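Chains, contacts and geometry: an overview
Single-letter residue listing:
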Amino acid sequence: HASQFVGYDQHDSQELAVYLLDALHEDTNRIGKKPYVERQEQDEGESDDVAARKAWDLHLRREDSRILEICMGQVKSRLKCPREGCGRGSTTFHPCM
């Protein structure tokens, strides 16, 4: 039961759609035993296409359903250290619905 929708708080249709799609995905996921998969950062010099493909392939080790095939995609997340001279950064790709 969806406790986040109990009460009189305002919710939008996108939140409800994501909740329902996620529930359908979980109920129809063809992966029975999900292995542990560690998220990978994009390697320096690695193209976005290659890094995105690697991240998606890792995601598919744990998730596989018709909902995923139809409604899921990826977002690219890039973090950069704001301190002067640090230069540290991280780029990852995450699944989204």
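What counts and how
- Residues numbered from 1 in each chain as written.
- Predicted model: local features only at pLDDT ≥ 70, side-chain atom pairs only at ≥ 80, totals over all residues.
- Heavy atoms only, no water.
- Helix = DSSP H or I, 4+ residues; strand = E, 2+ residues; numbered from the N terminus.
- 1 Å grid on protein atoms, 1.4 Å probe; cavity = no way out; pocket = protein on both sides within 12 Å on 5 of 7 lines; lining within 4 Å.
- Points joined across faces, edges and corners; volume = space filled by probe spheres on them.
- Nonpolar A, V, L, I, M, F, W, Y, C, P; charged D, E, K, R; others polar.
- Polar contact = N/O pair within 3.5 Å; in protein donor to acceptor, adjacent residues only side chain to side chain.
- Contact = heavy atoms within 4.5 Å.
- Disulfide = S-S within 2.5 Å.
- Buried < 20%, exposed > 50% of the residue type's maximum accessible area, 1.4 Å probe, protein only.

**Quick word on the environment of aspartate 57**
As for its position among the elements, aspartate 57 is in helix H2 (residues 48-60). Between the C-alpha atom of aspartate 57 and that of glutamate 26, which follows or precedes it by 31 residues, the distance is 18 Å.

**A short note on empty space enclosed by the protein**
If you walk through the whole model with that rule in mind, you get 1 cavity of 30 Å³ or more. In this structure, the largest cavity encloses a volume near 50 Å³. Contributing to the lining of the largest cavity are Gln40, Glu41, Gln42, Glu46, Ala51, Lys54, Ala55, Leu58, Thr91, Thr92 and Phe93. When contributions to the lining of the largest cavity are tallied by element, the ones reaching two or more residues are H2 and strand S2 (89-96). Broken down by element, the lining of the largest cavity gets its largest block of residues, 4 residues, from H2. Taken together, the residues that form the lining of the largest cavity break down as 4 nonpolar, 4 polar and 3 charged.

**Points about the side chain of serine 65**
As for its placement among the helices and strands, serine 65 is situated in the loop between H2 and helix H3 (66-71). In this structure the side chain of serine 65 is engaged in a polar contact, spanning 3.1 Å, whose partner is the backbone nitrogen of leucine 68. If sequence neighbours within four positions are ignored, serine 65 has contacts with His25, Thr28, Asn29 and Arg30.

**Regarding the layout of surface pockets**
By volume, the largest pocket amounts to about 300 Å³. Around the largest pocket, the lining comprises 13 residues; the ones closest to its centre are Gln42, Arg78, Gly89, Ser90 and Thr91. Looking at the lining of the largest pocket, its residues break down into 1 nonpolar, 5 polar and 7 charged. Roughly 230 Å³ of internal volume is contained in the second largest pocket. Among the elements of the structure, H2 and S2 are those that each provide at least two residues to the lining of the second largest pocket.

**With respect to the side chain of histidine 25**
Considering the arrangement of structural elements, one finds histidine 25 in helix H1 (residues 13-28). What histidine 25 contacts, discounting residues up to four positions off in sequence, is Glu63, Asp64, Ser65, Ile67 and Leu68.

**A word on the state of the cysteines**
A full pass over the atoms with the stated rule returns 0 disulfides. This cysteine, cysteine 81, is not joined by any disulfide, and cysteine 86 carries the nearest cysteine sulfur, 3.1 Å off. Classification of cysteine 81 by relative accessible area gives partly exposed; the value is 23%. Between cysteine 96, a cysteine without a disulfide, and cysteine 71, which holds the nearest cysteine sulfur, the sulfur-to-sulfur distance is 11 Å. With relative accessibility at 28%, the residue cysteine 96 sits in the partly exposed group.

Spatial relationships are all this shows, so hold off on functional conclusions.
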